[in-house]
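Secondary and tertiary structure notes
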Amino acid sequence: MALRRPELLGRLRTAWRAATARLRERGFLLVQAVVAAGLAWVVAHELLGRAQPFFAPISALIISGQTMAQRTQRAVELLVGVAVGILVADLLALALGTGTAQLVLIMGLAMALAVLVGGGTLLVTQAGVSAVLVVTLQPPQAGLAPLRAVDALVGGVLALAVSGLLPKDPLRQVRHDGRALLDALARTVGDAADALREGDRDAADAVLVRAGGLEPLLGRLREAVDAGLETTRLAPGRRRARPGLAPYAEALSSLDAAVRGVTVLGRGVRRALETRDRVPPAVPEALDELARAVTRVATWLEDPRAGADAPDAALAAAARATAILDQTTNLSVSAIVGQVRATAVDLLSATGVERPAAREAVRAAHRPAPPAPAR
């Protein structure tokens, strides 16, 4: 069915906003890569006198692709792989000439040498790729073989230098990824509350699907934290970000547990609906409080003073859930209550409370149950 013009324009605007958001997020990293490649060409061409330092900007772009994630070890491994592949391919192409058989042999020997020197998958693969570029795109001329490996080293070293001297703000990325994870976590818990409130089994299934999408968000946060800590070690201008990164680094294991716990919680909600157990209205209310607590933890991670009430919010959710056991002891409700309490422990731990103390605080939390409805 053809889309109406307003609907089409709405979708185009949404797509454009998403595209510009991606560009804003990665724009600084693109600038890093372009600056590194340009500097590599200038240094190799103007300072070293190389007529066509083809591999200098290419190497800078390849290494920048790794330093975008601030993985220095992987970037160095790639740099070595590029240089080894070019050097071996140049020397062998000078001796053997070019052609299909030579391409296969040179590529295999370059990769074998990378394995012999103890290279990982990245180094070995990049050695082979560099050999292919040498043999197929720009076969060597007599006497110039070693210099192209130098071009590659120049480009790679400059890419590492640019990423160290002009790094992206690591705290901004961590906060962005942390908020994305915790907002998704809160929505998942809130959707579970709605599914219980409405008795909607399809909605409960959707909760489990959303819970399955939390793990990649956690992975992105973990990578951002690792990259941010590495940036603060290597870039003097970014060391002031380390105190802001510390709460996220310390909370990662607790957030991991919370993500797994919410998945278990979703299964409990679905089980309660499938078995048609009587679920008191206080259960979805407890889940709503838990979702609010997740949101407060997100604020606490960004600014502990602004989110100072996050521990109280987690305890309030645990207390409301515990009080439900005064009304019913059916297994489905007990399982949901237990998971709310466990997730409250995870949230308390994410705010810096030692896990034993968090367990004790949740165990002690109790809110008087509302009076049972008259029958």
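None of these values were measured; they are calculated from a predicted model. (Residues numbered from 1 in each chain as written. Predicted model: local features only at pLDDT ≥ 70, side-chain atom pairs only at ≥ 80, totals over all residues. Heavy atoms only, no water.)

**Description of the pattern of salt bridges**
Which entries qualify depends on this criterion: A carboxyl oxygen of Asp or Glu within 4 Å of a side-chain nitrogen of Lys or Arg is what we treat as a salt bridge. Labels follow the DSSP assignment, with helices taken as runs of H or I lasting at least four residues and strands as runs of E lasting at least two, numbered in each case from the N terminus. Accessibility here uses a 1.4 Å probe with only protein chains present; expressed as a share of the type maximum, an area under 20% marks a residue as buried, one over 50% as exposed, and anything in between as partly exposed.
Counting across every chain of the model gives 17 salt bridges. Salt-bridge contacts for Glu289 lead to Arg320; the nearest nitrogen and oxygen are separated by 2.4 Å. Note that Glu289 is positioned in helix α11 (residues 282-302) and Arg320 in helix α12 (residues 310-324), a separation of 31 residues in sequence. Note that Arg305 is salt-bridged to Asp303, the shortest N-O span being 3.8 Å. Owing to a relative accessible area of 74%, Arg305 belongs among the exposed residues under this scheme. Ionic contacts of the salt-bridge type, sharing partners, join the residues Arg179, Asp183 and Glu302 into one network.

**Considering the packing of helix α8 (residues 201-212) against helix α10 (residues 242-274)**
Counted only if it meets this: Between the N-to-C directions of two axes lies an angle of 0 to 180 degrees, each axis being a line fitted to C-alpha atoms and, for a helix, fitted only over the stretch in contact. Roughly parallel covers angles under 35 degrees, roughly antiparallel covers those over 145, roughly perpendicular covers 65 to 115, and oblique covers all other angles. Left-handed describes a crossing whose near helix is turned anticlockwise from the far helix through less than a right angle; right-handed describes the clockwise counterpart. Any two residues whose heavy atoms approach within 4.5 Å are treated as being in contact. Under this grouping Gly is polar, as are all residues other than the nonpolar Ala, Val, Leu, Ile, Met, Phe, Trp, Tyr, Cys and Pro and the charged Asp, Glu, Lys and Arg.
For the pair α8 and α10, the least separation of the axes is 9 Å and the interaxial angle reads 165°. Here α8 is positioned roughly antiparallel relative to α10, judged by the angle of their axes. Viewed along their axes, α8 and α10 form a crossing whose handedness is left-handed. Contact with α8, carried on its side by Arg201, Ala204, Asp205, Val207, Leu208 and Ala211, involves Thr263, Gly266, Arg267, Val269, Arg270, Leu273 and Glu274 of α10 and no other residues of that element. Grouping the amino acids of the contact of α8 with α10 by side-chain chemistry returns six nonpolar, two polar and five charged.

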